[in-house]
Each structure stands twice: as structure tokens, then as C-alpha cells.
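Observations on chain architecture
Read off the chains here:
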Amino acid sequence: MESAEGGGSFAHLGLDARLLKAVGELGWATPTLIQEKAIPLALEGKDLLARARTGSGKTGAYALPLLQHLLRGKASASVAEQAVRGLILVPTKELGQQVVQMLRQLAAYCARDLHIVNISGQAELAAQRPILMEKPDVVVGTPSRVLAHLQAHSLSLQDSLEILVMDEADLLFSFGFEEDLKSLLCHLPKIYQAFLMSATFNEDVKTLKELVLHNPVTLKLQESQLPDSSQLSQFHIRCEKEEDKFLLLYALLKLSLVQGKVILFVSTIDRSYRLKLFLEQFSIPACILNSELPVQSRCHIISQFNRGFCDYIIASEEQDLAEQERPRERRRRGRKGIKAGKGKDQEYGVSRGIDFQNVSAVLNFDFPPSVASYIHRAGRTARADNPGTALTFVLPSESALLTVIEAALVGDSNETPLRPYLFRMEEIEGLRYRCQDAMRSVTKQAIKEARLREIKEELLNSEKLKTYFEDNPRELNLLHHDKPLHPAIVKPHLRNVPEYLVPPTLRAVARTLVSKRKRQRRKPPSTKGQQNPLHSFKSAKQTWTPAKRRKAPGMGGS
Ligand code: AMP
């Protein structure tokens, strides 16, 4: 079995010195396995079909050879005219934003030579036309957006495209892009190099392979779908009823049993607001991410989270429900351009592809609907070489699904990595009345109001983001998405947990944390970099480690 790390060095891959410098600046010491295998083949001009799990460094694996190819072209006398030579297709706008960011980081020392644009955003076609008229070297976009520009003649690839990349290829079909993709391919030249990156090799990927790849090299790297248990700790905890999930979450966050940045996954948009309002009752701020929010806001929320401006994101994973549709249904919807739901953005994706950085823990507050969904959610933590934890709350009715997921994750050792997290619920019984009090305040009406208010606010934010902040990037940092929504009255006494309610086994930990927080409040805010001082001590290296907690008599993992 190959390790997730490549072990070689970037210097041996024959990359341009400017790219190597950028790689060094990103702190990438050695290529990941996929990078080590894919880059030399891509540089030889081979078509690639690569199965790369989320967080494996797959963006670098295609971005570096693409940039290298373009730089080589610029240096040679044969390529004189400016033209769009690279096209990267992505299934979601969020991924588009992220891919462009990574490409620009890698091209930081050759930015004058390489012009990279993202057209997957929500800007009007007309607004994007002048950008495309300048013939950027690389265009990143969703298939529908790229096709729209091709049909409107603001983009032409027929005579210029040299490299096509399909990122998260398995999703490109399932997001209803099949027809768009097929039409788009008619606008491409006969010969081009293509890279197809996919987390899974399913029927859709096979179809795409037939359509775009010529004699490809298939890289089915011997790596499991998730990092091994030395990097990713996976736990599940059984909750007798719905209320126990809220109680447990309250205890985990308020008693700092989970530290660092956390993604909380829920199944619907309403659930995300219910959870946000519930946490608000205890003065725990959290951001919300869902398909109803404008794309600028979504991308900004992810970037704020990545830069440490908020610790908790509540993500509703509605797309997976769409993924569960029968393929024919999906395709019919895709063909007719029908969106997944009223007001929802079909090109929204949270658990797939998005690089949430330094996430200490993924918390499946609501049980994932499928094995694939579990894997993609858990894959939001323990990325690159960071450690992480995935904790799943399980209701009695979800036991059968848990068994399916456990079976799917069984590795060579014949043991499932998803272990029970032993937690003595009776130790937090003292917190139950507070939890019930908070749950009562979060009425259906409060959720409805919060949902409307947030959308209104984010629409305003989105407008600001689009115009004003383009010229004032520093002030962009001042825009927060984790503000309280307050449709329910927040009772100040719930902010802190009195010591008598803290389980005896955790009192020492709680005391240390309180004095730590007090010390931090007294400290003048640091101006160094973009890091929020309140968050700086919560690095991914200091993740929640149930193994340590096992030593405490009250709770522990088995
Ligand atoms: P990706 O799978 O492309 O979304 O990348 C996941 C994360 O790994 C990103 O935060 C990258 O910056 C990071 N990464 C990519 N390649 C490397 C590398 N060779 N060494 C360390 N981190 C990397």
C-alpha cells in the first residue's frame, strides 16, 4: 500500500522556478502521492483519469502541469497570440472560487504572464464578457456558464484550447450538467490534453471518460477514501432522542470538549437555522452555509472561516438529497434546467471539493444520508497532513445506516475505523434544563424569521461584496456572517455554565479554559497578519483528541 505522501521533492518534477517558489511559499514540502504520480505524466502530454480523494492535493496535481505548460508555451516563439488555452470545469461556484484562488497562488510569481479568471460566479453574462474578450490564459467555470459564453460568442475555444480539466468529474453529471457538457464539447477543438479528476469512478465518470479522454493513463492510487486513523479519528455517539443531540452539542462546545474550527452538518436549511438559534441562546456564534445564500456570501463565509474569523460553520447538505435521486430523474431535471428546489442554487456544494482549512472536527449533527456523503463530510477535516476528528450523532432509527457506513469503511485490518465515543450522558444531565429552555425559545416562527432576515442581510452583503469591497479588500474582513439573528430572546444567564453544572471530571479543564479566555480578553489585539487573535491558539494541531480525554474518569473513546 502506498502512503498518502509522495515522498519525492517538487524540485525533481522539472517545474518552472517561479512555480517552485510559489509551492515553497505555500509550505508544500513534498508532493502528495497524486501530485507525484500525475505531474510527470501530465507534463509528458498524457491524458489522465485520476481517482483522488478529497484533500489529497488534487488541485495542485493538475494546476502545476497546466501552469507549466502555459509558461512553456509563452516562452516558445511558436505561441505568439494571446488565447484561452486552459479550461477548468467545476461543478459548483464555491469550488470555482477555490480553484482560481489556488491557481493564482501557484502563479503568484508569474502573474504578469498568466491571466486566470473565474466565471462560475453569479455576475451577469454581459459583465463577464469584457473579461473574456481579453482572452485570459485560463478560464474556470461551471459547464452551464462556460456554455452560455460559448453560445454568446464571448468565449471561443475551438482554435486555442490546449488543456481541459474536469474537477470533481463525478459531480459534473450528477449536478445536472450532462446536456451542457455534451453541448460544450462540440465547441472544443479535435485535439487537446484532458485531465479528469474524480473522487469515485462511477458510471457518469465512465461516460465522461469516453467523451473527453484519448488513451488516458488511469491513476487509481492505492489510497483509502479517508486518511487512516493516525490522522483522522472517527467516532460515533448514540443519542436516545433528538433533544440529546442538542444537549450533547451544547456540552461539547460550551465545555470546550471540541476545540478549534468545527463544521456542523445538518440535513436541511431549517435545521441549520434551528441550530444557529439554539447556539445563539448560549452566546455561541456560528455561520450558516446553504444554497439559499448568494454565492458571493457563500464564498466569503468560507474564506472568513479559513482565515479564522469564525470557528463554527453550520452547513446544510441539501445537494446530497439530490444526489440520491435516481440518475434518470437527475438527468431529466438537468436537461430541463430545473433547479433542485425553489430559491436554491443548483450549483451549491458544501461537502464536496471545498477546501475548508484547518478544520479540527467535523460533527455530523444530522446523520449523513449515504456512505458517499459520510466520506465527503469527514473529508472536510484531516486535510493534507493535518489531524482531525469526525464525530457522528446517531439516533436509534439510524442504527441500520450506521452499520452500512461502518461496513463500507472497513479497511485491510478488517476493523471499522468508526469507533464508539464513550460519553457519560448522565454527567451532563445538569445541563438539560438549560438545553430545554433554549430549545423552547427556538420556535418555528423564530426559524422562519431568522431565515428571512439572514437572506435579506446576505443579499445586502452580497451587493456590497460585489462592488464596494472589490476596491477595498481590507474592509472586507470587517464583514461578519456569524452575527446573532436574535429572533428569540437571548437570556444572558445562559452565556456561561456555572461551575456546579460542569461535570466534576471536567472542572479542572473548564477552569483552565476560563482563565485562558480571560487572559486573552486582556491582551491587546494583534495586528500581525489576518489572524484573529481570539482564534490563534486553536490551531488544527491542537485538535480535539478523545484519546487524551479517555484518561478522565468521566468520558472517553473506546
Ligand atoms: P485539494 O485536495 O487540492 O483540495 O488540497 C487540499 C489541501 O492540501 C489544500 O489546502 C492544499 O493547499 C493542500 N496541499 C496540496 N498539496 C500539498 C502538498 N504537496 N503539501 C502540503 N499541502 C498540500
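About the cut-offs
Numbering of residues starts from 1 in every chain and runs along the sequence as written. Local features are withheld for residues below a pLDDT of 70 in this predicted model, meaning they are given only at 70 or higher, and side-chain atom pairs are given and counted only at 80 or more; totals for whole chains, interfaces and linings count all residues. Hydrogens are left out, water is left out, and the side-chain values use all remaining heavy atoms of the structure. Working definition: helices are DSSP H or I runs of at least four residues, strands are E runs of at least two. Numbering for both runs from the N terminus. Exposed residues in this analysis have more than 50% of their type's maximum accessible area, buried residues have under 20%, and partly exposed residues fall in between, with area computed by a 1.4 Å probe over protein chains only. Residues are treated as being in contact if the distance between any of their heavy atoms lies within 4.5 Å. In this description, accessible areas are obtained by the Shrake-Rupley approach with a 1.4 Å probe, and a residue is regarded as covered only by the protein chains that are shown. For every residue, the predictor reports its confidence as pLDDT, a number between 0 and 100. We define a nonpolar core as any set of buried Ala, Val, Leu, Ile, Met, Phe, Trp, Tyr and Cys residues linked to one another through side-chain atoms lying within 4.5 Å. Boundaries between domains were set according to an automatic or database domain assignment. To estimate the expected span of a helix, count its residues, drop one, and scale the result by 1.5 Å. By convention in this text, a residue qualifies as near a molecule or strand provided that one of its non-hydrogen atoms is within 4 Å of it. Here a polar contact is recorded for every N or O atom pair within 3.5 Å, except that within protein the pair must consist of a potential hydrogen donor and a potential acceptor, and residues adjacent in sequence are included only if both atoms are side-chain atoms. Residue type decides the class: Asp, Glu, Lys and Arg count as charged, Ala, Val, Leu, Ile, Met, Phe, Trp, Tyr, Cys and Pro as nonpolar, and the leftover types, Gly among them, as polar. For two strands to count as paired, DSSP must find a minimum of two bridges between them. If the strands point away from the viewer and the path from the first strand over the helix to the second runs clockwise, then the crossover is right-handed. In this context, the arc is that of the directions from the helix axis out to the C-beta atoms. Lines fitted to C-alpha atoms define the axes, with helix axes restricted to the stretch in contact, and inter-axis angles between N-to-C directions lie between 0 and 180 degrees. Oblique is the label for any angle not under 35 degrees, not over 145, and not in the 65 to 115 range, which are roughly parallel, roughly antiparallel and roughly perpendicular in turn. Handedness of each helix crossing follows the sense of rotation of the near helix against the far helix: counterclockwise by less than a right angle gives left-handed, clockwise gives right-handed.

With that settled, consider the overall build of the chain. On a plain count of helices and strands, the chain comes out with 21 helices and 15 strands. In the chain, buried positions account for 55% of the 558 residues. Within the chain, residue pairs in contact and separated by at least 24 positions form 79% of the contacts whose partners lie at least 6 positions apart. For the chain, the accessible area works out to roughly 24500 Å², and carbon and sulfur atoms hold 53% of it.

Next up on the list: the confidence of the model for the chain. For the chain, mean pLDDT is 80; residues scoring 70 or higher make up 76% of the total. Between residues 320-342, whose pLDDT stays under 50, and residues either more than four places distant or in other chains, the model counts 33 contacts. Every residue in residues 524-558 scores below 50 in pLDDT, and together they form 68 contacts with partners more than four places removed in sequence or on other chains.

So, on to unusual backbone geometry. Of note, the phi angle at Glu168 is positive, near 50°, even though the residue is not glycine. Mapped onto the elements, Glu168 comes out in the loop between β5 (163-166) and α7 (169-185). Classification of Glu168 by relative accessible area gives buried; the value is 3%. In the Ramachandran plot, Asn215 falls in the positive-phi region, its phi being about 45° despite a non-glycine side chain. For Asn215, the location among the structural elements is in the loop between α8 (203-212) and β7 (217-220).

What follows is about the nonpolar core. Core analysis: the biggest nonpolar cluster contains 65 residues, and Ile313 and Phe393 have the highest contact counts within it. Per-element tally for this core: the top contributor is helix α9 (residues 242-254), with eight residues. Both of domain 2 (232-324 + 342-442 + 492-541) and domain 3 (444-480) provide at least three residues apiece to this core. Core analysis: the next-biggest nonpolar cluster, separate from the first, contains 43 residues, Leu33, Ile39, Leu41 and Leu71 among them.

With that out of the way, let us pick up the environment of Val262. With respect to the helices, strands and loops of the structure, Val262 is situated in strand β9 (residues 261-266). Each residue touching Val262, except ones within four places of it in the same chain, is listed here: Phe305, Asp311, Tyr312, Ile313, Ala361 and Leu363.

Below, the discussion takes up helix α11 (residues 295-306). With twelve residues, α11 ought to run about 16 Å at 1.5 Å a step, and its terminal C-alpha atoms sit 17 Å apart, in line with that. Taken together, the buried positions of α11 are occupied by Val295, Ser297, Arg298, Cys299, His300, Ile301, Ile302, Ser303, Gln304, Phe305 and Asn306. Looking one or two places after α11, you find Gly308, whose phi comes out positive at around 85°.

Within the fold, Thr142 resides in the loop between β4 (138-141) and α6 (143-151). Taking the relative accessible area as the measure of exposure, Thr142 reaches 0% and is therefore buried. Along the backbone, Thr142 and Val90 are 52 residues apart, and their C-alpha atoms lie at a distance of 5.0 Å.

Our focus in this paragraph is the site of the ligand. Near the ligand lie 15 residues; those nearest to it are Thr30, Gln35, Gly57, Thr59 and Asp355. Within the side chain of Gln35, one N or O atom sits 2.8 Å away from a nitrogen atom of the ligand. Separating an oxygen atom of the ligand from a backbone N or O atom of Gly57 is a distance of 2.8 Å. Across the complex, the protein chains shield 88% of the 490 Å² of accessible surface that the ligand would expose by itself. Per-class residue counts for the shell around the ligand are five nonpolar, seven polar and three charged. Built from parts of two domains, the shell around the ligand gets at least three residues from each of domain 1 (10-220) and domain 2 (232-324 + 342-442 + 492-541).

Tracing the chain through its elements places Gln128 in helix α5 (residues 125-133). Setting aside residues no more than four positions away along its own chain, Gln128 makes contact with Asn118, Ile119, Gly121, Ala123, Arg145 and His149.

With seven of seven residues buried, strand β13 (residues 388-394) is to be regarded as a mostly interior element. What you see with β13 is no split at all: Gly388, Ala390, Thr392 and Val394 on one side and Thr389, Leu391 and Phe393 on the other are buried throughout. Where strand β8 (residues 232-238) and β13 come together, seven bridges link them in parallel fashion. When the sheet's bridge partners are listed, Ser233 is paired in β13 with Thr389. You can see the chain leave strand β12 (residues 359-364), run along helix α14 (residues 371-378) and come back into β13, and the turn it takes is right-handed.

Let's shift gears to helix α15 (residues 399-409). For α15, the full list of buried residues reads Leu402, Ile405, Glu406 and Leu409. The buried side chains of α15 occupy one side of the element, clustering within an arc of 100° when seen end-on. The exposed residues of α15 that point more than 90 degrees off its buried face are Ala400 and Ala407. Tucked inside the fold, the buried residues of α15 contact β8, α14, β13 and β14 (418-423).

Direction vectors running N to C along α9 and helix α10 (residues 269-281) enclose 50°, while the axes themselves pass 11 Å from each other. Here α10 runs oblique to α9, going by the angle between their axes. Where α9 crosses over α10, the handedness of that crossing is right-handed. Note on element contacts: α10 touches α9 through Arg271, Arg274, Leu275, Phe278 and Leu279, opposite Glu242, Lys245, Phe246, Leu249, Tyr250 and Leu253. By residue class, the composition of the contact of α9 with α10 is seven nonpolar, no polar and four charged.

Moving on, we come to the environment of Phe367. Here Phe367 lies in the loop between β12 and α14. Along the chain, Phe367 and Leu402 lie 35 residues apart, while their C-alpha atoms are 8.6 Å from each other. Setting aside its immediate chain neighbours within four residues, Phe367 contacts Arg377, Thr392, Phe393, Val394, Glu398, Leu401, Leu402 and Ile405.

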